[in-house]
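Fold and contact review
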Amino acid sequence: FQVPESDHLTLLHVFQRWKAEHYRVDWCQKHFIHVKTLRKVREIRSQLLDIMKSQRMVVTSTGTDWDPIRKAICSAYFQNCGRLKGIGQY
């Protein structure tokens, strides 16, 4: 399942494989993955899809092109990349 560039993409890949296996519990057991965690991920994903639909956003898949996902992760981390040196100094 490993995606060398990112742990986030590795986790996404695990979810995609579980989805391809029709969310089977025995698949999780075979690969030593906690099914409760993946169920929570599926629930959160469903909530995000509902929010996107309520906001009339277009839901599209990137397929195997993970560059847009990398860009989204980087843009979210950008605001957290500063380091506080002292009072009011970064």
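Here is a short report on the structure shown in this document. Bear in mind the structure is a predicted one, so any value in this text is a computation, not a measurement.

A closer look at the packing of helix H1 (residues 7-20) against helix H3 (residues 35-54)
Viewed as axis vectors pointing N to C, H1 and H3 meet at an angle of 90°, and their least axial separation amounts to 11 Å. With respect to their mutual orientation, H1 and H3 come out roughly perpendicular. Residues Val14, Phe15, Trp18 and Lys19 of H1 form the contact with H3, whose own contacting residues are Val35, Leu38, Arg39, Val41, Arg42 and Arg45. A per-class count over the contact of H1 with H3 returns six nonpolar, no polar and four charged.

Re the pattern of salt bridges
Evaluated as defined, the whole model comprises five salt bridges. Residue Glu5 pairs with Arg70 through a salt bridge whose shortest N-O separation is 3.2 Å. Taken as a pair, Glu5 in the segment before H1 and Arg70 in helix H4 (residues 67-78) lie far apart in primary sequence, 65 residues in all. For Glu5, a relative accessible area of 54% corresponds to the exposed category. A salt bridge links Arg24 to Glu21, with the shortest nitrogen-to-oxygen separation between them at 2.8 Å. The class of Arg24 is partly exposed, set by a relative accessible area of 36%.

Calculation rules
Residues numbered from 1 in each chain as written. Predicted model: local features only at pLDDT ≥ 70, side-chain atom pairs only at ≥ 80, totals over all residues. Heavy atoms only, no water. Axes fitted to C-alpha atoms, helices over the stretch in contact; angles between N-to-C directions. Helix = DSSP H or I, 4+ residues; strand = E, 2+ residues; numbered from the N terminus. Parallel < 35°, antiparallel > 145°, perpendicular 65-115°, else oblique. Contact = heavy atoms within 4.5 Å. Nonpolar A, V, L, I, M, F, W, Y, C, P; charged D, E, K, R; others polar. Salt bridge = Lys/Arg side-chain N within 4 Å of Asp/Glu carboxyl O. Buried < 20%, exposed > 50% of the residue type's maximum accessible area, 1.4 Å probe, protein only.

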